[in-house]
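Spelled out, the chains give:
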Amino acid sequence: MTLRRELTDAPILDAAAGRTPSRRPVWFMRQAGRSLPEYRQVREGIPMLDSCFMPELLAEITMQPVRRHDVDAAILFSDIVVPLKAAGVDLDIVPGRGPVVAEPIRTAADIDALPEFSPEQVEKVQEGISIILSELTDQQALIGFAGAPFTLASYLVEGGPSKNHERTKALMHSEPETWDRLMRKITPLISGFLRAQIDAGIDALQLFDSWAGFLTERDYRRFVLPHSTNILDSVADAGIPRIHFGVGTGELLGAMAEAGPEVVGVDWRVPMDKAAHRIADSLDRVNSGDGRGEQARALQGNLDPALFFAGDDALRSEVTRITEETDRAISEGVARGHIFNLGHGVMPNTDPEAIARTVEMVHAIEPLQR
Ligand code: 1CP
């Protein structure tokens, strides 16, 4: 087991904790990957899921965007289906499509037959984390991650990427007990994968509930929130910032904040100040009496990834708008800090130069003094 690094001057950790960072922290979801020619080169001929279990390769891919773009964090190169694969579920990541599960999970018997996860299955990932930590500076954080139960369950139930998640929704509504059984089966796997990364020394973690935005708030609260809360609770003792993010989650921001993360990732559709108010209002309602400032969370986001295609003037004006909105929310006491990011991942054919220039634009704006 690795001892956790003591990072006293890492902008991301300062922003997550509500301290003034030495510069405005920025990283991008999917910053590693197909937008980078050096990624395409090292991945050539190596299947995606194989690369996630090759320590030197996964460390190299994780470091590529950090070297090239001067972002303030690395995100572990892996995938949300890695713990399922490691445990022995028959699945693959199909180029151009995404994760495909050989035998979709739809009955109680299928759920009971899912294999258990144990940390030795991801030793190669832990070795990769050690290499990455030896290459990062003390200002750069390593973010580990896992898929949240709804998003992971969607791949298992649908058998692959889904446009409407209809089988998953059908299962939760028609057989709530079976749904609950599935949630209780995959929760330890997700917690276990996060714990393995924590033991290897990650500095922060993100729980991706990418597809939660397909649910109504009512269904999210009933079928998902208790399980995501359990996962975040299970890793609270690590004392590292926990980020929670989903796409199209404008209506769910308050509920997702109730799951307990220090940082809420905001999709690009919602203005940051509005997001902050929704979160603070919701937390105020559940923890009445604690005072508004206590309810504030740090926010992460939320540039539309399509803006990388729009040229520098448009990019600069969006970067300015987003930082101003967030600074206003921080000044009003409804947000605790800001980690600049996208409102979803980098698209594969993005020009890496536009990404690097955006990092410069964010770093050029003085952080709000706290
Ligand atoms: O061959 C390839 O290059 C495959 C493309 C690819 C990559 C680069 C996949 C398949 N996964 C990844 C890496 C990955 N996946 C990272 C790496 C770190 C980084 O951000 O730089 C991360 C964080 C993920 C997490 C992930 N996988 C999510 C959550 C984040 C999000 O984008 O919402 C999801 C939903 C997946 C599933 C997945 N894996 C791959 C694809 C193409 C998909 C999405 C498929 C779909 O649309 O349903």
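Our structure's up above, just so we're on the same page.
Reading the values: rules and limits
Residues numbered from 1 in each chain as written. Predicted model: local features only at pLDDT ≥ 70, side-chain atom pairs only at ≥ 80, totals over all residues. Heavy atoms only, no water. Phe/Tyr/Trp six-rings, centres within 6.5 Å; stacked < 30°, edge-to-face > 60°. Helix = DSSP H or I, 4+ residues; strand = E, 2+ residues; numbered from the N terminus. Buried < 20%, exposed > 50% of the residue type's maximum accessible area, 1.4 Å probe, protein only. Patch = residues over 30% accessible without salt bridge, like charges linked within 9 Å, V, L, I, M, F, W, Y side chains within 5 Å. Areas by Shrake-Rupley, 256 points an atom, 1.4 Å probe, with all protein chains shown as cover. Salt bridge = Lys/Arg side-chain N within 4 Å of Asp/Glu carboxyl O. Lys, Arg positive; Asp, Glu negative; His and termini not counted. Charge placed at Lys NZ, Arg CZ, Asp CG, Glu CD. Axes fitted to C-alpha atoms, helices over the stretch in contact; angles between N-to-C directions. Parallel < 35°, antiparallel > 145°, perpendicular 65-115°, else oblique. Left-handed = near helix turned anticlockwise from the far one by under 90°. Contact = heavy atoms within 4.5 Å. Nonpolar A, V, L, I, M, F, W, Y, C, P; charged D, E, K, R; others polar.

## Side note on the packing of aromatic side chains
In step 1: By the definition in use, this model includes six aromatic pairs.
In step 2: Their ring planes at 55 degrees and their centres at 6.3 Å tell us that Phe-150 and Trp-179 sit as a pair that is tilted. Of this pair, Phe-150 sits in helix α8 (residues 149–158) while Trp-179 sits in helix α10 (residues 176–200), and the two are 29 residues apart along the sequence. Residues Phe-150 and Trp-179 agree in their burial class; the two are buried.
In step 3: Through pairs of rings, three or more aromatic residues link up here, namely Phe-145, Phe-208 and Phe-245.

## Quick notes on a negative patch on the surface
In step 1: Residues Asp-50, Asp-90, Asp-92 and Glu-103 make up a contiguous surface patch of negative charge.
In step 2: Structurally, the position occupied by Asp-90 is in the loop between α5 (82–87) and β2 (91–94).
In step 3: Using a relative accessible area of 55% as the deciding quantity, one classes Asp-90 as exposed.

## A short note on the packing of α8 against α10
In step 1: Two elements in contact, α8 and α10, have axes separated by 10 Å at closest approach and are oriented at 115 degrees. Taken together, α8 and α10 sit at an angle that is classed as roughly perpendicular. As for how α8 packs across α10, the hand of that crossing is right-handed. Contacts between α8 and α10 involve Pro-149, Phe-150, Leu-152, Ala-153, Leu-156 and Val-157 from the first element and Trp-179, Leu-182, Met-183, Ile-186, Leu-189 and Ile-190 from the second.
In step 2: Of the residues that constitute the contact of α8 with α10, the class distribution is twelve nonpolar, no polar and no charged.

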